2 protein chains.
Amino acid sequence: MVEKIKNIALVGGTHGNEMTGVYLIKKFKSYPHLIERSSLDIKTFLANSKAIEAKQRYIETDLNRCFGKKNLEDGNTVLYEQILAKNIARKIKDNNTDLIVDLHTTTSQMGLTIIICDGHPFHLQLGSYLTSINPKIKILKYSSAQEDLLLRSITKLGFAVEVGAVAQGVLDAGLFQETEQLVYSILDALDKHNQGDNFDSYKSLILYQVIERIDYPRDGKEIRAMVHPNLQFKDYQPLNPGDPLFLTFEGKTISYEGDFTVYPVFINEAAYYEKGIAMCFTEKQEIVIKNN
Amino acid sequence: MVEKIKNIALVGGTHGNEMTGVYLIKKFKSYPHLIERSSLDIKTFLANSKAIEAKQRYIETDLNRCFGKKNLEDGNTVLYEQILAKNIARKIKDNNTDLIVDLHTTTSQMGLTIIICDGHPFHLQLGSYLTSINPKIKILKYSSAQEDLLLRSITKLGFAVEVGAVAQGVLDAGLFQETEQLVYSILDALDKHNQGDNFDSYKSLILYQVIERIDYPRDGKEIRAMVHPNLQFKDYQPLNPGDPLFLTFEGKTISYEGDFTVYPVFINEAAYYEKGIAMCFTEKQEIVIKNN
């Protein structure tokens, strides 16, 4: 298992229109005792204040795609978020941060999702523990080529909390409270870990692994279909071969033509239209955790 | 009753991140026969192309607050949308437009709403007809001081179609199809009117009239509470004295302290945080329509 995890960065507002994280961080700054844990040193910060002020995802480019080595080492970057990323990365390092928890929201129905990168044993153990105390929590492994560009990946053990469905620019009080409880559960778990609890009694885990990103059908840049109504808000539910996938503007259904059942996530995420992602297909895996 | 209504402007993208209207107008431009009606001359257009491209509500200021006489006659306006509003108003007048239908979406659960200004008898008759063919349609009378600043108010008989809940930047296929059907129903009704049908058999109407706009509790500019979870997505449902209204970030419920039951709409609309509106209270009225 990993050593003690002392220095935590709790981050909101990496995307300026994802309000849950922004207002949770503001709450924790006002009431720091809520996140005090004896073995942890927790720093809270808002990543992109200018985008938060503008209530936009970003000002010039997506901050959460600016943390690749190439950008961080490039002396000639000019975009606002490229420069901001360097400042954040420096701060994270100066604080000897062991672990970043980056708070996001999505317009898709992803409930309370924890997104990990590479299936690190510590994440699996933590995921097994968290899903056992709240079955609504889902663990998503998203090891795309872009992973090394994300804020959370500055630290090896960083992960994201992705909560939805909630519209951009909106605070949903119910989801706010659920996200707050999830943060406390995460901090409690990290504290337990530092006290020597290895969560050995948690032996298994349902893991959703992203295997493919699906774009909208397009004519050139222009989309020519929408997510099918049967699929809207059906994140983590099985999509079988032949099931409806898209609906063209003319009303024609386009079906899923794969050979096996997948479990889509990020279905119809507002910010992903520009990224060419209508949804991500995942594979549902039952992981047995071997201790020691 | 009003005279014949010949020249119709069907408008989408007045707000660039409200995708349903944008893609409906694109569809109608591709398949103009869908909106051909024998007695109508229908022009379709996208109001704010630059905001649509940017997938933002607006570039510099809310276009749908730029149609007041003051702005339209001011020679010194400098903001992008202020200038755009003048061009649109000129086009609407040059086309001798009788009626604007402005297509909007909202993050609140307003279903299929038609927003009228002043309770014009023609609107009441039209509303009575439309709600009888689809009981999901609601008629909202919103005669605020700002009404004369709206795009639809360039024409006396203009109205808005407000559809939700859908996140900004998202196409919800189900709502897209319902909005499309509503547009056809409206055009059919206008065509019937021109053929001499006065909808005399439709005698009553449930009308929701905006009576008050409610802001979030704030400390200075900063909100200090969210819409209460019990109220989220409960547009058009009764809110009784003592019912929960807001939830502070500390978890304290703030109740509705009015003397009578109201029916809130625009509950937690993303774009209204900056306008100081958490919701609009309405009064539910049963209108009896007197013919002749």
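Right above here is the structure, for reference.
Every value quoted in this text rests on a predicted model; they were computed, and no experiment measured them.

Cut-off values and rules
- Residues numbered from 1 in each chain as written.
- Chains lettered and ligands numbered in written order.
- Predicted model: local features only at pLDDT ≥ 70, side-chain atom pairs only at ≥ 80, totals over all residues.
- Heavy atoms only, no water.
- Helix = DSSP H or I, 4+ residues; strand = E, 2+ residues; numbered from the N terminus.
- Rg over C-alpha atoms; globule rule 2.2 N^0.38 Å.
- Buried < 20%, exposed > 50% of the residue type's maximum accessible area, 1.4 Å probe, protein only.
- Contact = heavy atoms within 4.5 Å.
- Buried area = accessible area lost by both parts, 1.4 Å probe.
- Salt bridge = Lys/Arg side-chain N within 4 Å of Asp/Glu carboxyl O.
- Nonpolar A, V, L, I, M, F, W, Y, C, P; charged D, E, K, R; others polar.

> Provide a residue-level description of the overall build of chain A, including the pertinent values.
Within chain A one finds 6 helices and 13 strands. The globule rule puts the C-alpha radius of gyration for 292 residues at 19 Å, and the 19 Å found for chain A is close to it. Projected onto its principal axes, the C-alpha positions of chain A cover 60 × 50 × 35 Å. Scored against the burial criterion, the 292 residues of chain A give a buried share of 58%. Taking as baseline every contact in chain A between residues at least 6 positions apart, the subset at least 24 positions apart corresponds to 73%.

> Mind laying out the interface of chain A and chain B, listing which residues take part and the relevant values?
Quoted interface sizes are often the accessible area lost when the parts come together. Listed as interface residues are 31 residues of chain A and, on the opposing side, 31 residues of chain B. Both faces considered, chain A and chain B share a buried interface measuring about 2,600 Å² in area, 60% of it formed by carbon and sulfur atoms. Of all residues in chain A, A:Leu171, A:Met226 and A:Phe249 bury the most surface against chain B, accounting for 20% of the area lost on that side. Linking chain A with chain B are 2 salt bridges, by the criterion used here. Between A:Lys26 and B:Glu222 there is a salt bridge, with its nearest N and O atoms 2.6 Å apart. When grouped by side-chain class, the residues that make up the side of chain A that touches chain B number 17 nonpolar, 8 polar and 6 charged.

> Describe unusual backbone geometry, and please don't skip the residues or the numbers.
Residues and elements named next belong to chain A. In this model, Gly164 is joined to Ala165 through a cis peptide bond whose omega is 10°. When you line up the elements, Ala165 lands in the loop between β6 (159–164) and α6 (173–194). One non-glycine residue, Asn96, lies in the positive phi region at around 50°. Here Asn96 shows up in the loop between α4 (80–94) and β3 (99–105).

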